[in-house]
Amino acid sequence: MTAAPHGDPAAAPRAGLAERQAELVAALVAGGPPPPGFAPGPLAATRAALLRKRAGAVARHWPLLAASLDAEWTTTFAGWAERRPTAGSLRDGWDLARALHAERALPPPAAEELAAREALLRYDGLRAPRPRRLPAVGRAGGAVAVQIAGRVRLLRPAPRVPTRAGDGISDAAGSALWISD
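Report follows, based on the coordinates.

What counts, and where the lines are drawn
- Residues numbered from 1 in each chain as written.
- Predicted model: local features only at pLDDT ≥ 70, side-chain atom pairs only at ≥ 80, totals over all residues.
- Heavy atoms only, no water.
- Axes fitted to C-alpha atoms, helices over the stretch in contact; angles between N-to-C directions.
- Helix = DSSP H or I, 4+ residues; strand = E, 2+ residues; numbered from the N terminus.
- Parallel < 35°, antiparallel > 145°, perpendicular 65-115°, else oblique.
- Left-handed = near helix turned anticlockwise from the far one by under 90°.
- Contact = heavy atoms within 4.5 Å.
- Buried < 20%, exposed > 50% of the residue type's maximum accessible area, 1.4 Å probe, protein only.
- Lys, Arg positive; Asp, Glu negative; His and termini not counted.
- Salt bridge = Lys/Arg side-chain N within 4 Å of Asp/Glu carboxyl O.
- Polar contact = N/O pair within 3.5 Å; in protein donor to acceptor, adjacent residues only side chain to side chain.

With respect to the packing of helix α5 (residues 89-102) against helix α6 (residues 108-120)
Working step 1: Contact geometry for α5 and α6: axes closest at 10 Å, N-to-C directions at 120 degrees. Judged by the inter-axis angle, α5 sits oblique to α6. Note on packing geometry: the crossing formed by α5 with α6 is left-handed. The segment α5 lies against α6, with L90, W94, A97, R98 and H101 engaging L114, R117 and E118.

What follows is the structure, encoded as structure tokens:
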């Protein structure tokens, strides 16, 4: 038996095993090519099952995002996540919400959820989210959230009262200015 360069005869087979395992993991969770020796059909079924499981975990952290996408949630998440390794459920949902917001495809309830998270936590997309210490404002879509002393308040515009034509004069924002005689 010949020794490995570093004196460990089992090092070479372990290194090969580690490489094959890394290829398999990349194929399952990061959209990598199927490793040699694996049938593409079962590998694709396993990848789809893992994406559904990952979508369920993200939905627990981002319930309004998942609920607002309703039947399209799993498909939307899987399409976004199929080539991305997980960064954890909280961060995956945050990154997806930001991506949908950038595409102007984030539904209003999910925009409120994102705004509240942005106000409460600091997340740069690279490191784990950290609590904010100072007052902060989070915005997404039409939602605005304010965090003061660790408490988040969601600000919503007041509902507008419909006006009849001729009752008032509209300003630039579309609000009616009432004129009394």
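Description of unusual backbone geometry
Working step 1: Of note, the phi angle at R104 is positive, near 60 degrees, even though the residue is not glycine.
Working step 2: Considering the arrangement of structural elements, one finds R104 in the loop between α5 and α6.
Working step 3: Take R104: its relative accessible area is 78%, and that puts it in the exposed class.
Working step 4: Unlike most non-glycine residues, A149 shows phi in positive territory, near 55 degrees.
Working step 5: Assignment of secondary structure puts A149 in the loop between β4 (143-148) and β5 (151-155).

Description of the side chain of R117
Working step 1: Relative to the elements of secondary structure, R117 occurs in helix α6.
Working step 2: Look at R117: it is buried, it has no salt bridge, and the nearest opposite charge is E113 at 4.5 Å.
Working step 3: Within the local environment of R117, its side chain forms a polar contact with the backbone oxygen of H61, the two atoms lying 2.7 Å apart.
Working step 4: Setting aside chain neighbours within four positions, we find R117 in contact with H61, W62, L90 and W94.

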